[in-house]
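Here are the chains, one letter per residue:
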Amino acid sequence: MAENRDLLFEEVCAQDFLNFKFGERGYQDQLNDSIAKTNILSAVKVEVLRVPLADGNVTNLVWVAHNFGFLGGSLGCSEGEKITRAFEYALENKLPICVQCRTGGARMQEGTSSLMQMAKVSVAVNALNKAGLPFVSVLSDPTYGGVSASYAMQADVRIAVAETGASSEASEARIGFAGPQVILNTMCEANQAIYDEKCPTDFQFASFVKDHGQVDMILNVKSGAAGQQEIERKVAQITSMMMTKPTQVPIDNLTLDLGPTPEDEKRAAELLNYTRSRAIDRPQTQDIISNLFDNFVELSGDGKVGKDACLRGGLASFRDTTCVVIATFKGHTPTDMQNANYGMPSPHGYRTALRLMKMAERFGLPVVTLVDTVGAWPTFECERDGQSEAIATNLTAMAGLTVPIITLMVGEGGSGGALGICMGNYIAMLSGGYFGVISPEGAASILGRYDDDKQKAEQFPKDCQALATSQCIYAHQLKDLGVVDFIIWEQTDYANGSTSSANATEENEHYKNFPQLKERIARYVEYALADLTRKSADDLVQQRYRKYRQLGSFAVMNEEERAKAIADAKAASAASGNKPARRAANDTKASLLLQHVAEETVLGTMSKYRKMAPPSLSKPLKIAPHDANKVVYEPYVIPPESVDENCTSAKAILDKFGVKYLCSEWIPKQSKKRVLITDTTMRDAHQSLLATRVRTKDIVEGALIASNLLKDAFSLECWGGATFDVCMRFLDECPWDRLREIRAASPNILLQCLIRGANGVGYTSYPDNVVREFVLLAAKNGIDVFRVFDCFNIVENMRVSIDAIKETGKIAEVCICYTGNVLTSKIYDLQYYKELAQEIIAAGADIIAIKDMAGLLRPLEVEPLMRVLREAVGDNMPIHFHTHSTSSGTIATCMEMARCGCDIIDFATASMADGTSQASLNAFLAMMQGASQRDPQIDYMSLEPYDLYWAGIRDHYVPFESGMKSGTARVFDHQIPGGQYSNLIVQCSGIGLSLDQWSQVLDAYRDVNLLFGDIVKVTPSSKVVGDLALYLVLKGIKTSDLIDSETGEAKPLAYSIDYPASVVGLMKGELGLPHRGFPKKIEEMILRGEAKLTTRAGLVLAPVNFEENRAKLSEKWGREISEEEAMSSLMYPQVFTDYMKRQQSKGPLLTYLPTLVYFYALQANDAFLMDIPTTSLLSNLFRSVPAEVNSTGGPHVVRVELQRVSAIVRQKRTVVFTVQLLRSHADRSVIYSETQQVEVKDTGGVFVFEGPMADAGKPNEQVASPMNGTIEKVLVQVGQSVKAGDVLCTVSAMKMEVKVSAPVDGKVASIAVPAPGYRVVEGALLLTLK
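Residues numbered from 1 in each chain as written. Predicted model: local features only at pLDDT ≥ 70, side-chain atom pairs only at ≥ 80, totals over all residues. Heavy atoms only, no water.

1. Brief notes about the sheet that holds strand E30 (residues 1212–1222)
Pairing between the strands of a sheet is mediated by backbone hydrogen bonds and can be parallel or antiparallel.
So, step 1. Spatially, E28-E29-E30-E31 is the arrangement adopted by the four strands of the open sheet, whose pairing is antiparallel. Each end of this open sheet is capped by a strand with a single partner; those strands are strand E28 (1167–1172) and strand E31 (1230–1241). Across this sheet, the average inter-strand angle for adjacent strands is 25 degrees, counted without regard to direction.
So, step 2. Relative to E31, E30 runs antiparallel, the two being bridged by 11 bridges. (Pairing = 2+ DSSP bridges. Helix = DSSP H or I, 4+ residues; strand = E, 2+ residues; numbered from the N terminus. Axes fitted to C-alpha atoms, helices over the stretch in contact; angles between N-to-C directions.)

2. Quick word on the side chain of Gln-286
So, step 1. With respect to the secondary-structure elements, Gln-286 resides in helix H10 (residues 285–292).
So, step 2. The residues touching Gln-286, leaving out its near neighbours within four places in the chain, are Phe-329, Lys-330, Gly-331 and His-332. (Contact = heavy atoms within 4.5 Å.)

3. Things to note about the nonpolar core
So, step 1. Trp-719, Phe-786, Ile-905, Phe-1012, Tyr-1059, Val-1198 and Phe-1217 are the most contacted members of the largest nonpolar core, which has 228 residues in total.
So, step 2. Among the nonpolar cores identified, the runner-up in size contains 56 residues, and Met-217, Ala-353, Val-403 and Phe-435 belong to it. (Core = buried A, V, L, I, M, F, W, Y, C linked by side-chain atoms within 4.5 Å. Buried < 20%, exposed > 50% of the residue type's maximum accessible area, 1.4 Å probe, protein only.)

4. As for the pairing of strand E14 (residues 321–328)
Across a regular strand the side chains alternate sides, sitting on one face of the sheet and then on the other.
So, step 1. Summarising burial for E14: eight of the eight residues are buried, a large majority.
So, step 2. With burial as the criterion, each face of E14 is covered, one bearing Thr-321, Cys-323, Val-325 and Ala-327 and the other bearing Thr-322, Val-324, Ile-326 and Thr-328.
So, step 3. In this sheet, E14 lies alongside strand E13 (residues 311–318) in antiparallel orientation, the contact comprising eight bridges. In the sheet register, Ala-316 faces E14, and the bridge partner there is Cys-323.
So, step 4. In textbook terms, the turn of a hairpin is the stretch between consecutive antiparallel strands, and for E13 and E14 this stretch comprises two residues, one of which, Arg-319, has a positive phi near 50 degrees.
So, step 5. Both E14 and strand E15 (residues 367–373) contribute to a ladder of four bridges, which runs parallel. By the bridge assignment for E15, Val-324 is matched with Val-367.

5. So, the packing of helix H39 (residues 1061–1068) against helix H40 (residues 1080–1087)
So, step 1. Where H39 meets H40, the closest approach of the two axes is 10 Å, and the angle between their N-to-C directions is 130 degrees. Classified by the angle their axes make, H39 and H40 are oblique. You can see that H39 and H40 cross each other, and the crossing is left-handed. The segment H39 lies against H40, with Val-1063, Val-1064, Met-1067 and Lys-1068 engaging Ile-1082, Glu-1083, Ile-1086 and Leu-1087. (Parallel < 35°, antiparallel > 145°, perpendicular 65-115°, else oblique. Left-handed = near helix turned anticlockwise from the far one by under 90°.)

6. Notes on the sheet that holds strand E21 (residues 715–720)
So, step 1. Overall, parallel pairing links the eight strands, which are arranged E20-E21-E22-E23-E24-E25-E26-E27 in a closed barrel. When strand polarity is set aside, the average angle formed by the axes of neighbouring strands in this sheet is 30 degrees.
So, step 2. Taken together, the four bridges between strand E22 (residues 750–755) and strand E23 (residues 785–788) define a ladder with parallel strand orientation. Note that in E23 the partner of Gln-752 across the bridge is Val-785.

7. Focus on the pattern of salt bridges
So, step 1. Applying the stated criterion across every chain, the model contains 72 salt bridges.
So, step 2. A salt bridge links Arg-50 to Asp-6, with the shortest nitrogen-to-oxygen separation between them at 3.1 Å. A residue pair is termed long-range when its members are at least 10 positions apart, and Arg-50 in strand E4 (residues 44–52) and Asp-6 in strand E1 (residues 5–8) qualify at 44 residues.
So, step 3. Taking the relative accessible area as the measure of exposure, Asp-6 reaches 35% and is therefore partly exposed.
So, step 4. Here Glu-361 and Lys-358 are joined by a salt bridge, their closest N and O atoms 3.9 Å apart. With a gap of three residues between them, Glu-361 and Lys-358 both fall in helix H12 (residues 347–363), about one helical turn apart.
So, step 5. The exposure class assigned to Lys-358 is partly exposed, which follows from its relative accessible area of 38%. (Salt bridge = Lys/Arg side-chain N within 4 Å of Asp/Glu carboxyl O.)

8. Section: helix H21 (residues 559–576)
Residues spaced three or four apart along an α-helix point in a common direction, a consequence of the helix completing one turn every 3.6 residues.
So, step 1. Along its 18 residues, H21 runs 26 Å from first to last C-alpha, staying within 8% of the 26 Å computed at 1.5 Å per residue.
So, step 2. Capping of H21 at its N-terminal end is provided by Asn-558; its side-chain oxygen lies 3.2 Å from the backbone amide nitrogen of Glu-560. (Expected span 1.5 Å × (residues − 1). Polar contact = N/O pair within 3.5 Å; in protein donor to acceptor, adjacent residues only side chain to side chain.)

9. Some thoughts on the confidence of the model for the chain
So, step 1. When the pLDDT values of the chain are averaged, the result is 92; 96% of them are 70 or greater.
So, step 2. Counting interchain partners and residues more than four positions distant, the pLDDT-below-50 stretch residues 495–505 has 19 contacts.
So, step 3. Across residues 580–585 the pLDDT falls below 50, and counting only partners more than four positions away or on other chains, this stretch makes zero contacts in the model. (pLDDT = per-residue confidence, 0-100.)

Next up, the structure:
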């Protein structure tokens, strides 16, 4: 249609004014190519178009179009000049203008001059804006760079294009400033994977840009000429509407009949129901737009960052008058309501309205606002994005808007959310709506008072209606107050279904058809337009000022009147007998226990609330109904009078006939008929599988079941070894309490413990009287069988323990620690074990144990070993076999042991067996069932309740699993004891090693063992091997870096590193010495001149005065310390100190928490029950306890629920609990209840080191921590002189302690760590030297 287009400014052409050249081809070459391809001399074409409209009229507009074929439609100087001239032409001829963009941005070949074309065009755009002429931009694919950042986004209306080609799939325009390649190369390190991970869905496509408020609409068109014509017609329609000025209608010719009749006035009482405004079939704003206005063109978004689903608007025609219509949309179905934010606007909506109001002002168009909202959208995002500012800005904008504002309150008018578009020159209101400062429900929630939920359910709706009337929120009330100018009457109720206009009456109108209501609304809009369009801009603003200035009612009093009013009010208040209600101070202080639970909830490394718990343990914690049919186990008690020589209970035999009879007669006699069983589930099994983390309450419940189902077992191994210190170190428990509770739960089975000879249950040597006292206390508190071992099989180191056991009348089971391969080892051969057995017998052992810590004994080694042992000890000395299933082959070894006459064998229940644990008891019993000899005579099926119990308990300890999914024959290479394996994995992660390095740790363990001369590896010697292995892997060192493999000489590095303290102690002989000693070169490089012990450590260590020690501890901790607690302090001084500090800071109730709560804390609405054994303990949980409860003594059932965890306010979260005392498990009625509240500083659960870091460039002045850990000891003081190599302090992590030595001679200038227990990271500043 050439006759409808006039080309302009063709004389303006591109040129290479910079003589730009890069590489082989210059800019002029590129221009030549583009000119040859397109037959044009610039990337922009300017035309004047004459476009026919649907009504037959023709509109003229200036059209600017980029040609992508010419250097990608880029913006250069010629293009900027032509576009600027186009705007000036439009301004001079008072024409609208459209720029159709298809461009890659500014043209780099023209340098900064091309950039400045953005500024050049912008001044022209601004001039056009001031003249009130429309500017529309059309954004085709692509629109990038400087064009998108200037005139493409400066338009009054922005239209994005989606073109449909032959494939029938629309191709949306891509729009943005920085293109994908720019983002990829600058922000994603040119890494496509990073870009793809971060890139939002549909990034920079038209729909993405529209969703973020930056284009008004997406126009779907066909590719080619037909699509281009459609674009031009749409632009022409919009610009024509913007150019159309309001038609002046004589107001005298108008009739303002809005329907108020005497009948309507009589019905006013019926209308006093605010819920009518929410009727789903009632006409809403979108219905009014579609019925009352023509040619509605929605202009979407705030033009900056967002669009709103509720508050929307655009251009529309009302009886030939173009208006800007702004409305809050809702919907007539639940889905539509949800999609419209339930009729609640966001800041993007208010800013969209503001943009449209400013557009209306620029083009002199009246604004019509249709209001139906319960209020502004109350979300975190809306508050973050400035909801208050958005509403406030609209209020001031409406106050000064120079065009008419006509407002219709359609339905709900909720608070400031409605007022944000409701400051019309005129306000009309449908008779069924409301407009108030707060919703009636909100008012009732604040002012209403209810005794219980039942009363609230009945009274709350009535209060809402009463408050609605009292607040005068209805149309006729608001008209009387001057808020509303007109009431448009509507029917009382709306009918469902459709009604044709032919028979519609006021009584059956609804949103699909409301002719009478439509006509009344039209009369109001027509009247308001006629009246307001006659007024000048100043008159409109002044009229609005007067309208809102006069609203409100108040008293005006002089000083005398004010004084009298105050006096009258006081007198009236006094006469009424009512004092002003004052909210009582609510004591919500939390107990120490719940302070701990709150801290673990917010900060815990395994917190459910923080999504750190395993998924299987993250389900809501609910209290199950009381099950009256649940089997409750009681301790199985054997009457002493029923015990004789044929009794199958080893415990009963020991108690009645003594150790000698039990071991020399009863066991050999029983052994001929059956293999005796020891169950290790309650100690070594969970030590091996679950890092020793199983809590006392779970063990005791298991012991109750074992008392009944394993009553014919020889013993339960349940105490000692690593469980002793782990109780205090990690579980906040007293190990002695554990022993006493297990004893009470299983009075009929021998309880067995593990002690480390001269090392007791520690990792070092102790004075002999300490070891002796420990044994006496263990026997006193319930231990029957003491399995004693020495980590180097030195019998002399076990003698003190053996003698003490004999003194108690309990069983001394003395171990042969098995290592290597008895058939091939040149160190640990058959003769070695035979001579060792003879030594053990001579020392007074009642039972010999073969302690195969790593599961190295293979079936072919059993018979030769048993033969030489029987030769050494005779047939009547019981032999007890202990092993681990790390290799998966142990069950075969146990079967062979049974065949070869082993008297007692250790097993674990199936659900706690295998892996690094013991072999499966259930499997062994099933295999041996029916054997002619040595059947253990325990039905494996009878143990199912016990096994199922432990299966359930094990699920609670998932994070502590070793990670082994199967057995591994690699154990024959590295020889790690089963009880150490899972703990070593935890240590590995605790000091910062990844599981990917686990294989390196295994190799390092093997190499360190060989470095030490192939020693027996069992606690504590195995721990030392593990400490050095972890340390070397952490530092990236191999043993080959320390020792020359050919010469055996130490390398320089061997003398420069700080070995873990445990390694130095090992070499000094603090744990004793292997029977062949350590390699001399290894001793020299580690000890570096430090003296070795020349005799057993226990002989040279000064005896402890137990009473004096107890007295000091009692004074230190402010209460009587028991002899057992005092023993704990001697075994583990620092661990005991830390444990006691936690007891003081967290209270004595931690052990009563359910395991799921202890480890994983809570999330909102979790609830649990606690059993508190005595009334005296209740004061540690409740602020006060009713008198009637104090008289009962206990036990008590307590219910705890986490009500909420608040958002972070000033780096703190508020955690709220309800704590209730119940009558019993069966009767869970509440006796007493408290709310307890805790404020917790939220660090995100991550330890953040806030101390100084050492300067790596000053290693001789600033001493750095060698690893992540805790300061264990500070051994120097400020001002103290030190020599190179002197130990300054020790750092520990996960039981590994590392000495930090002075790098040079000097003097301690400062100490950066305040005290032991201070957490540090690798590289943290510890001390400075000068």
